[in-house]
Amino acid sequence: MSRALPQPATLRPVEVAAPERFAHSESRKAMFRLDQDMIVTIDGPAASGKTATAEELARVLGLQVLSTGAMYRCATAIAMEHKIAREHTFRLLEIVRKSHMHFNWHAKTEEGRPSPEIIAFGKSYAKRITDEEVTSNVSEFSEVIPLRELMVGMQRDIAKAHPRLITEGRDQGSVVFPDADVKFFLWASPRVRAERRRQQLLVKKGIDRDLGELEKEIAARDENDRRKPYGALVQPEDALSINSDKLDLAGVVALMRDHVLAKARA
Ligand code: DC
């Protein structure tokens, strides 16, 4: 999962005014209320910090949060456990359906951010999905179009059941929720993402990678993601683009929070 941004200074959660203080809106698209249903999407390239940003923004705005990368990772972990190759689409879809993949919506990070825990076959896959083995195979599995269609359907069902939602992943604003109330496109240059990734590997795993090599890998992955036939990396036209090269997590979240508040009042 993308957790590349530094830890934030704490932002105070937004206080939502009582419902009667808001005027009724003509259309949901033109105006939405902070205390009612809203879908916020965060698209962007790999390792741009989408997951941590979405979780912190969810905490600040009092919304729920969906990491769609966790779903692709969980499907990959399940396939690997059952020794199903990505070419065996029928068996892959069958086992993923049978797993009853879902989230424990009450889970939080140590910092108190909402961070739903992914469950399949009745057990937590939260740790398993961060394994190197899963990380290095998930990109291939996420190219399987019928699997993407299944995931997109599940994501839309999740949004129906959890209608106050921040959802992050490459295709959330562009494909899955084209009518989202607020859309963001979060990115950083390959150099900065490589620096963050290098630091993360050093601190968490004691691995010292060459910066230039990491940068090349990240740029190549972006290029590959832009060419995907389905769910390609694109910036939705109506998304606010945020370059986090010079911002830490708190800075990005403050920008996003202000944008959501401004749109809610518009
Ligand atoms: O954000 P992440 O690293 O957890 O994503 C894991 C993989 O799944 C990564 O290869 C991108 C892919 N993915 C995707 O294709 N579509 C999404 N909506 C989310 C993630």
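For the structure itself, consult the block above.
The structure presented is a predicted model; accordingly, all values stated were derived computationally and were not measured. (Residues numbered from 1 in each chain as written. Predicted model: local features only at pLDDT ≥ 70, side-chain atom pairs only at ≥ 80, totals over all residues. Heavy atoms only, no water.)

Colleague: Before we go on, may I ask you to explain the nonpolar core in this structure?
Modeller: Nonpolar side chains in soluble globular proteins tend to end up buried together. Met71, Val96, Met101, Ile118 and Met151 are the most contacted members of the largest nonpolar core, which totals 37 residues. Elements represented by at least two residues in this core include exactly α2 (68-81), α3 (89-98), β4 (117-120), α4 (132-141) and α5 (145-161). Here this core gets 8 residues from one element, more than from any other, and that element is α2. (Core = buried A, V, L, I, M, F, W, Y, C linked by side-chain atoms within 4.5 Å. Buried < 20%, exposed > 50% of the residue type's maximum accessible area, 1.4 Å probe, protein only. Helix = DSSP H or I, 4+ residues; strand = E, 2+ residues; numbered from the N terminus.)

Colleague: Is there a simple way to explain the sheet that holds strand β2 (residues 64-67) in this structure?
Modeller: Working definition: the strands of a sheet are paired by backbone hydrogen bonds and lie parallel or antiparallel to each other. Read from one edge of the open sheet, 5 strands run β2-β6-β1-β7-β8, paired in parallel fashion. Whereas interior strands pair on both sides, the edge strands pair on one side only; in this sheet they are β2 and β8 (240-243). Each strand of the sheet is rotated relative to its neighbour by a mean of 20°, with strand direction disregarded. Here strand β1 (residues 38-43) runs beside strand β7 (residues 182-187); their pairing, made up of 4 bridges, is parallel. Looking at β7, one finds that Thr41 is bridged to Lys183. Against the sheet, helix α1 (residues 50-61) engages β1, β2, β6 (164-168) and β7, with an angle of about 165° to β6. (Pairing = 2+ DSSP bridges. Axes fitted to C-alpha atoms, helices over the stretch in contact; angles between N-to-C directions. Contact = heavy atoms within 4.5 Å.)

Colleague: Just to check I follow, could you spell out the packing of α2 against α5 for this structure?
Modeller: Packed helices, taken two at a time, are described by the angle between their axes plus the distance between the axes. In contact at an axis separation of 11 Å, α2 and α5 are set at 135° when each is read in the N-to-C sense. Of the possible angle classes, the one that applies to α2 and α5 is oblique. Crossing of α2 over α5 shows right-handed handedness. Contacts between α2 and α5 involve Thr68, Met71, Tyr72 and Ala75 from the former and Leu147, Arg148, Met151, Met154, Gln155 and Ile158 from the latter. A per-class count over the contact of α2 with α5 returns 7 nonpolar, 2 polar and 1 charged. (Parallel < 35°, antiparallel > 145°, perpendicular 65-115°, else oblique. Left-handed = near helix turned anticlockwise from the far one by under 90°. Nonpolar A, V, L, I, M, F, W, Y, C, P; charged D, E, K, R; others polar.)

Colleague: Quick question: what am I supposed to make of helix α7 (residues 190-205) here?
Modeller: For the α-helix, the turn length of 3.6 residues means that residues three or four positions removed from each other point alike. Its 16 residues place the ends of α7 21 Å apart at the C-alpha level, agreeing with the 22 Å of an ideal helix rising 1.5 Å per residue. Residues of α7 that are buried include every one of Val192, Arg193, Ala194, Arg196, Gln200 and Leu201, and no others. Looking at the buried side of α7, the elements it contacts are α8 (211-226). One or two steps after α7, the chain reaches Gly206, where phi turns positive at roughly 70°. (Expected span 1.5 Å × (residues − 1).)

Colleague: Where do I start with the sheet that holds strand β3 (residues 102-104) in this structure?
Modeller: Within the open sheet, the 3 strands sit side by side as β3-β4-β5. Their pairing is antiparallel. Whereas interior strands pair on both sides, the edge strands pair on one side only; in this sheet they are β3 and β5 (123-124). Across the sheet, α2 is in contact with β3, β4 and β5; its angle to β4 comes to roughly 35°.

Colleague: Hey, could you run me through the environment of Ala107 in this one?
Modeller: Tracing the chain through its elements places Ala107 in the loop between β3 and β4. Using a relative accessible area of 17% as the deciding quantity, one classes Ala107 as buried. Once the C-alpha coordinates of Ala107 and Ile118 are considered, the two residues, 11 residues apart in sequence, prove to be 9.5 Å apart. Beyond its immediate chain neighbours, meaning those up to four positions away, Ala107 contacts Arg113, Pro114, Ser115, Pro116 and Glu117.

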